[in-house]
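What follows is the residue order along each chain.
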Amino acid sequence: MPCCDALCQYDTNKLVRIQSVRLGSLKWSLNAAILLFICILMLWNRKYQEFDLVVSSVTSKVKGVAQAHLPGDGDVVWDEVDYSGPWQDKNSFFVATNVIVTKDQKQGKCPQVPLKGRYCHSDKDCEKGAWDQQKHGIQTGSCVKFDILKKTCEVSAWCPIEKRTSPPRPAVLAAAENFTVLIKNNIRFPAFNFIRRNILPQMNDAYLRSCHRGNDSLCPIFRLGDIVREAGEKFSEMAIEGGVIGIQIKWDCNLDRLMQRCLPTYSFRRLDEKESNRTLYPGLNFRFAKYSMVNGVEERILYKVFGIRFDVMVFGQTTILIDWLIGTSCYSADVGQNYSEKKVEAIRDSTKCILCVSYIDESNLRLVKRSHKKSLQDIRAMSLQQRMQEDSGYLKAIICLLQPDVDTNQDSQPLDRKVDSTSNPCPPSWCVCKCCAPSSVPQEQLCCRHSEGVCITSSPLFERLVLCRSLLEAVLLYKDPLSPSGGHFNATDLRHCAYRQYISWRFGVAPKDTHPAIPSCCVWRIRVEYPSPDGQYGGFRPALMASMQACADSDM
């Protein structure tokens, strides 16, 4: 049967503890090194923080004046209205750097500029009404002279047609390299309600007039030539055909109180393809016109503008110490407890009800789990706990008893009824004191004793602490000195107060999240003394018992 023996075996690991200073020091040194490494990684990567992404808006203002020499016009001054005015978009701005000017255009008919060697020899080569994207007008169907040797199709267009196709070299507005731009960036981190702008609070008008990126990386005013240079380009070359430059503003903020920092960093890069031989339409250009009336005829000046568009892109995130550190030793116990109470809502498990039982013949309290089938008297205890200090209600009751003017026998028989203190002739099977009343509810099947003996209700102290009417009235008045009853309480108030007196006397301060259970004999005795007018009682209700205990802990 070797196989059966092997199946019935169970293997477990054995731990050997070696008392050695050298090995112990090595163990804790390794643990400390691993913990230090983990902490360094957390601090380096800021994994202990909570993140939020940035919401941003950008505005810009370009400043500068340049003098450009235009064929046929001589030297012309261009200011910010000419080279940047209407061509700004959301989070971007445009600066003109080169231009082709075609003057004195009027509506009429003129020969088409030949494109890629397309010429005509007769009118048959020109289709009337034809048009394509490469032509400047609509063909009339005639083949006319373009110059002395060549003919092209005649078109209806703004004449004369723009003849130059390649931009001037060097760029006409190369002086735009010295223009400056003020970038205003406002950011917000919604999760933390944090607002900041790149023009910092300490920056005044005098600072903005004199700051320079060469000696201050936070300066929000940039020279266009410096932007293109930091993007790895030459302004004189890029200005010929134009292009697109990205201005990246990165906000990497830390909102921790001890390490608060939220400053922008700027970087630049070219976004378009700069090589003419790698792209079909390199650079960036567009056309616009200025119109006028000359001798009653509308004329215009056509400008083909080449320039650089600057796209401002904002990236950012913020971090702040996550709130689990508030619950650790980094904060005081009071702060941690207050935060925990505000943040965490404690909900008890309704399916798990722990009852607290106090027997007169045992010094410890029993904690048992409530059962809907088994008698509470017969349930095995989950654990035993020592009684806590006596609560204030019990001590006040003892002081009241020691007063010489208190007659403990006076009014001990409320409602003029005499109490029969004899035992029950037919006690239930779970009762050992012979004074309990039968009950069909398992939670109410509890005796005052665990082994046979005298019932606690026969004790003179039970009469004085639990049933004495004058004492109960004094306790109720202590709770509510301005009671409208004027010291005359009904049987229901006295009965509930007697329950609380018993809990305060026998349980003291019951363990947290437990419900003290009053023995059946004591409940029956209290109900005989202070009966309900209609003979109806609520029975065992843990929530009610818990509120009674809280009342006993604070008010009695």
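Residues numbered from 1 in each chain as written. Predicted model: local features only at pLDDT ≥ 70, side-chain atom pairs only at ≥ 80, totals over all residues. Heavy atoms only, no water.

S.K.: I would appreciate a short explanation of the state of the cysteines in the present structure.
M.R.: One way to say it: the disulfide is the covalent bond shared by the sulfur atoms of two cysteines. Taken as a whole and assessed by the stated rule, the structure comprises five disulfides. Here Cys 126 is linked by a disulfide to Cys 153, with a sulfur-sulfur distance of 2.0 Å. On the S-S bond that ties Cys 126 to Cys 153, the torsion sits near -90 degrees, and the link is left-handed. Residue Cys 126 is located in the loop between β5 (92-111) and β6 (138-145), and its partner Cys 153 is located in strand β7 (residues 151-159); the two are separated by 27 residues in the primary sequence. Across the protein, the disulfide pattern expressed with sequentially numbered bonded cysteines is 1-6, 2-4, 3-5, 7-8, 9-10. (Disulfide = S-S within 2.5 Å. Helix = DSSP H or I, 4+ residues; strand = E, 2+ residues; numbered from the N terminus.)

S.K.: In this structure, what is going on with helix α12 (residues 520-529)? I would like to understand it.
M.R.: Since the α-helix turns once every 3.6 residues, residues separated by three or four places project in the same direction. Of all 10 residues making up α12, seven are buried, and the element is well covered by its neighbours. Among all positions of α12, only Ser 520, Cys 521, Cys 522, Val 523, Arg 525, Ile 526 and Glu 529 are buried. (Buried < 20%, exposed > 50% of the residue type's maximum accessible area, 1.4 Å probe, protein only.)

S.K.: Is there a simple way to think about the pattern of salt bridges in this case?
M.R.: Under the defined criterion, the tally for this structure stands at 14 salt bridges. Close ionic contact of Arg 223 with Glu 177 constitutes a salt bridge, the shortest N to O distance being 3.8 Å. Taken as a pair, Arg 223 in strand β10 (residues 221-223) and Glu 177 in the loop between β7 and β8 (180-189) lie far apart in primary sequence, 46 residues in all. One salt bridge in this structure joins Arg 309 and Asp 311, with 3.0 Å as the shortest N-O distance. According to the relative accessible area criterion, Arg 309 is partly exposed, its value standing at 33%. Asp 311 sits in the buried class, given a relative accessible area of 14%. One connected set of salt bridges, linked through shared partners, spans Glu 177, Arg 223, Asp 226 and Arg 229. (Salt bridge = Lys/Arg side-chain N within 4 Å of Asp/Glu carboxyl O.)

S.K.: Help me out: how do you make sense of unusual backbone geometry in this one?
M.R.: The omega torsion of the bond from Cys 159 to Pro 160 falls at 0 degrees, within 30 degrees of zero and hence cis. Mapped onto the secondary structure, Pro 160 falls in the loop between β7 and β8. Cis geometry marks the peptide bond from Arg 169 to Pro 170; its omega dihedral reads 0 degrees. Of note, Pro 170 is situated in the loop between β7 and β8. Non-glycine residue Asn 295 carries a positive phi angle of around 55 degrees. A relative accessible area of 77% places Asn 295 in the exposed class. Phi at Lys 434 takes a positive value of approximately 65 degrees, unusual for a residue other than glycine.

S.K.: What am I meant to see in the confidence of the model for the protein here?
M.R.: When pLDDT drops low, the exact placement of atoms in the prediction is not to be read closely. Here the protein shows a mean pLDDT of 80. Residues at 70 or above account for 77%. For the protein, the element scoring lowest by mean pLDDT is helix α13 (residues 542-554), at 45; helix α5 (residues 224-230) scores highest, at 94. Here residues 323-331 scores under 50 on pLDDT; set against residues more than four positions off or in separate chains, the count is eight contacts. (pLDDT = per-residue confidence, 0-100. Contact = heavy atoms within 4.5 Å.)

S.K.: For this particular structure, what's the right way to read the side chain of Ser 358?
M.R.: Mapped onto the elements, Ser 358 comes out in strand β15 (residues 354-358). A relative accessible area of 4% means that Ser 358 is categorised as buried. Here the side chain of Ser 358 touches Arg 506 through a polar contact of 3.3 Å, landing on its backbone oxygen. With residues near it in sequence (within four places) discarded, Ser 358 still touches Leu 365, Cys 448, Arg 506 and Phe 507. (Polar contact = N/O pair within 3.5 Å; in protein donor to acceptor, adjacent residues only side chain to side chain.)

S.K.: Which parts of the structure should I look at to understand the sheet that holds β15?
M.R.: Strand pairing in a sheet takes place through backbone hydrogen bonds and is either antiparallel or parallel in direction. Pairing is mixed in the open sheet, where four strands are placed in the order β17-β16-β15-β18. The open sheet has two edge strands with one neighbour each: β17 (383-386) and β18 (515-516). In this structure, β15 lies alongside strand β16 (residues 364-369), joined through five bridges in antiparallel fashion. Paired with Ser 358 across the bridge in β16 is Leu 365. Along the sheet, helix α11 (residues 491-507) contacts β15, β16 and β18; its crossing angle with β15, the most-contacted strand, is approximately 75 degrees. (Pairing = 2+ DSSP bridges. Axes fitted to C-alpha atoms, helices over the stretch in contact; angles between N-to-C directions.)

S.K.: Is there a simple way to explain the packing of helix α9 (residues 460-467) against helix α10 (residues 469-479) in this structure?
M.R.: Packed helices, taken two at a time, are described by the angle their axes make and the gap between the axes. At a minimum axis separation of 6 Å, α9 and α10 run at an interaxial angle of 35 degrees. Taking contact as the criterion, the partners of Arg 464, Leu 465, Val 466 and Leu 467 in α9 are, on α10, Arg 469, Leu 471 and Leu 472. A breakdown of the residues in the contact of α9 with α10 according to their chemical character gives five nonpolar, no polar and two charged. (Nonpolar A, V, L, I, M, F, W, Y, C, P; charged D, E, K, R; others polar.)

S.K.: Any chance you could explain the environment of Cys 353 here in plain terms?
M.R.: Relative to the helices and strands, Cys 353 resides in the loop between α7 (333-343) and β15. Given the relative accessible area of 8%, Cys 353 is considered buried. As a C-alpha pair, Cys 353 and Ser 371 span 18 residues in sequence and 8.9 Å in three-dimensional space.

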